[in-house]
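Observations on chain architecture
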Amino acid sequence: MAFNHGFVGEFEHGLAAAREAQRVGEAIGDPRLQAYAAWTIGWLEAARGHGDLGVDACRRGLGHSPGPVDTSDALGFLGGAY
């Protein structure tokens, strides 16, 4: 949902959805969900012009990445935020 909102410019709704995913990931201890939520937040923040917030969130996503595919995703979104 977060990406869908982001693609149509509804950044606040997208951020709310990504933060909910982040909350769930933390509650169940799922690093992959935490990583995806963080770099999604990063993408949304950067897309709405908040580059520093975007970079920080993508770095958090990178820190949670449990495997090579997740790391690749996080690095791609981090590069986009830069």
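Here's what I pulled together on the structure shown here. This is a predicted model, so every value here is computed, not measured. (Residues numbered from 1 in each chain as written. Predicted model: local features only at pLDDT ≥ 70, side-chain atom pairs only at ≥ 80, totals over all residues. Heavy atoms only, no water.)

This paragraph deals with helix H5 (residues 68–81). Over its 14 residues, H5 runs 20 Å from end to end, which matches the ideal 20 Å to within 8%, given 1.5 Å per residue. Regarding H5, the residues found buried are Asp-70, Ala-74, Leu-78 and Ala-81. All buried residues of H5 fall inside an arc of 70 degrees around its axis, so they share one side. When the buried face of H5 is taken as reference, the exposed residues oriented beyond 90 degrees from it are Pro-68, Val-69 and Gly-80. Contacts made by the buried residues of H5 are with helix H3 (31–47) and helix H4 (51–64). (Helix = DSSP H or I, 4+ residues; strand = E, 2+ residues; numbered from the N terminus. Expected span 1.5 Å × (residues − 1). Buried < 20%, exposed > 50% of the residue type's maximum accessible area, 1.4 Å probe, protein only. Arc of directions from axis to C-beta. Contact = heavy atoms within 4.5 Å.)

On to the nonpolar core, then. The biggest cluster of nonpolar side chains holds seven residues, and these are Ala-2, Leu-15, Ala-18, Ile-41, Trp-43, Leu-44 and Ala-57. A total of three residues in this core trace back to one element, the largest contributor, which is H3. Once residues within four sequence positions are removed from consideration, Ala-18 is found in contact with Ala-2, Ala-37, Thr-40 and Ile-41. Core analysis: the next-biggest nonpolar cluster, separate from the first, contains six residues, Trp-39, Cys-58, Ala-74 and Leu-78 among them. (Core = buried A, V, L, I, M, F, W, Y, C linked by side-chain atoms within 4.5 Å.)

Right, let's talk about the packing of helix H2 (residues 11–28) against H3 for a bit. Between H2 and H3, the least distance of the axes is 8 Å, while the angle of their chain directions is 160 degrees. With respect to H3, the axis of H2 lies roughly antiparallel. Remark: the crossing between H2 and H3 carries left-handed chirality. Of the residues in H3, those in contact with Phe-11, Gly-14, Leu-15, Ala-18, Arg-19, Ala-21, Gln-22, Val-24, Gly-25 and Glu-26 of H2 are Leu-33, Gln-34, Ala-37, Thr-40, Ile-41, Leu-44, Glu-45 and Ala-47. When its residues are assigned to classes, the contact of H2 with H3 shows ten nonpolar, five polar and three charged. (Axes fitted to C-alpha atoms, helices over the stretch in contact; angles between N-to-C directions. Parallel < 35°, antiparallel > 145°, perpendicular 65-115°, else oblique. Left-handed = near helix turned anticlockwise from the far one by under 90°. Nonpolar A, V, L, I, M, F, W, Y, C, P; charged D, E, K, R; others polar.)

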